[in-house]
Amino acid sequence: MRAIDIYTDGACSGNPGPGGWGAVLKSGPHEKEIWGGEPQTTNNRMEILAVIRALEQLKRKGMTVKVHTDSQYVQKGISEWIHGWKTRGWVTSGKTPVKNADLWRALDEIAAHHTVEWRWIKGHAGHPDNERADALARRGIEAARLARPEP
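Given the structure is predicted, the values throughout are model-derived calculations rather than measurements.

Visitor: Honestly, the overall build of the protein in this entry has me stumped. Any pointers?
Guide: Within the protein, the regular secondary structure consists of four helices and five strands. Helices and strands appear in the protein in the N-to-C order β-β-β-α-β-α-α-β-α. Expected size for 151 residues packed as a compact globule is a radius of gyration near 15 Å; at 15 Å, the protein falls within 12% of this value. Dimensions of the protein, computed from the C-alpha atoms along their principal axes, are close to 45 × 45 × 30 Å. With 151 residues in all, the protein has 45% of them scored as buried. When contacts within the protein are restricted to residue pairs at least 6 apart in sequence, long-range pairs at least 24 apart make up 67% of them. Carbon and sulfur atoms make up 51% of the accessible area of the protein, which amounts to about 8000 Å² in all. The average position of the 22 basic charges and that of the 18 acidic charges among the side chains of the protein differ by 4 Å.

Right under this line is the structure:
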């Protein structure tokens, strides 16, 4: 079975501020683009949410997936730091609550249904699919701005 490649990105206009997330899913000749946004959020939340929303697109469990992210926060968080957070009851090594624990738990749960390889790629370095994910995240910001009522 062919691996599915997922390229994700999150962005914010202000941090916090209106935010967006985007993902490109690729399997052989098949591609899918998804995006969304929130009127008041952070860049890190959008980075995590991009991966969650992308994994939610997979129709079957047990898929082999390569997630490409330009966020070291996501890559290290899910592949390294999360083990200690879970052991300590969602508290950091510095004894403070884990930020975005709700999203980390959701990502951990959905990723457990698949075999996932977490790959960090340099952002804004001309990688075509990372640039596509970035453009989708920016589209999400614009959607979030349009959905937000004026003050």
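Visitor: Help me understand the side chain of Ser-71 in this model?
Guide: Relative to the assigned elements, Ser-71 resides in the loop between strand E4 (64–69) and helix H2 (72–87). If we ignore the near neighbours within four places in the chain, the residues touching Ser-71 are Glu-47 and Trp-120.

Visitor: Got a minute to help me understand the side chain of Thr-8 in this structure?
Guide: In this fold, Thr-8 is placed in strand E1 (residues 4–12). Not counting residues up to four positions away in its chain, the partners in contact with Thr-8 are Gly-22, Ala-23, Ala-50, Val-51, Ala-54, Val-67, His-68, Thr-69, Asp-70, Asn-130 and Ala-133.

Visitor: Whenever I open this one, the nonpolar core confuses me. Can you help?
Guide: When a protein is soluble and globular, its nonpolar side chains tend to lie buried together. Among the nonpolar cores identified, the biggest contains 33 residues, and Ile-6, Ile-48, Leu-55, Val-65, Trp-104, Leu-107 and Trp-118 are the most heavily contacted of them. At eight residues, helix H1 (residues 43–56) tops the list of elements feeding residues into this core. Setting aside its immediate chain neighbours within four residues, Leu-107 contacts Ile-48, Val-51, Ile-52, Leu-55, Ile-78 and Trp-118.

Visitor: What should I look at first to understand the sheet that holds strand E3 (residues 30–41) in this one?
Guide: Think of a sheet as strands paired side by side through backbone hydrogen bonds, with each pair either parallel or antiparallel. Strands sit in the order E3-E2-E1-E4-E5 across an open sheet of five strands; the sheet is mixed. Since the sheet does not close on itself, it has two edges, and those belong to E3 and strand E5 (115–120), each with one partner. Sheet twist, expressed as the average angle between the axes of neighbouring strands with direction ignored, equals 20 degrees. Relative to E3, strand E2 (residues 17–27) is paired through ten bridges, and the arrangement is antiparallel. Of the residues in E3, the one forming a bridge with Gly-20 is Gly-37.

Analysis parameters
- Residues numbered from 1 in each chain as written.
- Predicted model: local features only at pLDDT ≥ 70, side-chain atom pairs only at ≥ 80, totals over all residues.
- Heavy atoms only, no water.
- Helix = DSSP H or I, 4+ residues; strand = E, 2+ residues; numbered from the N terminus.
- Rg over C-alpha atoms; globule rule 2.2 N^0.38 Å.
- Buried < 20%, exposed > 50% of the residue type's maximum accessible area, 1.4 Å probe, protein only.
- Contact = heavy atoms within 4.5 Å.
- Areas by Shrake-Rupley, 256 points an atom, 1.4 Å probe, with all protein chains shown as cover.
- Lys, Arg positive; Asp, Glu negative; His and termini not counted.
- Charge placed at Lys NZ, Arg CZ, Asp CG, Glu CD.
- Core = buried A, V, L, I, M, F, W, Y, C linked by side-chain atoms within 4.5 Å.
- Pairing = 2+ DSSP bridges.
- Axes fitted to C-alpha atoms, helices over the stretch in contact; angles between N-to-C directions.

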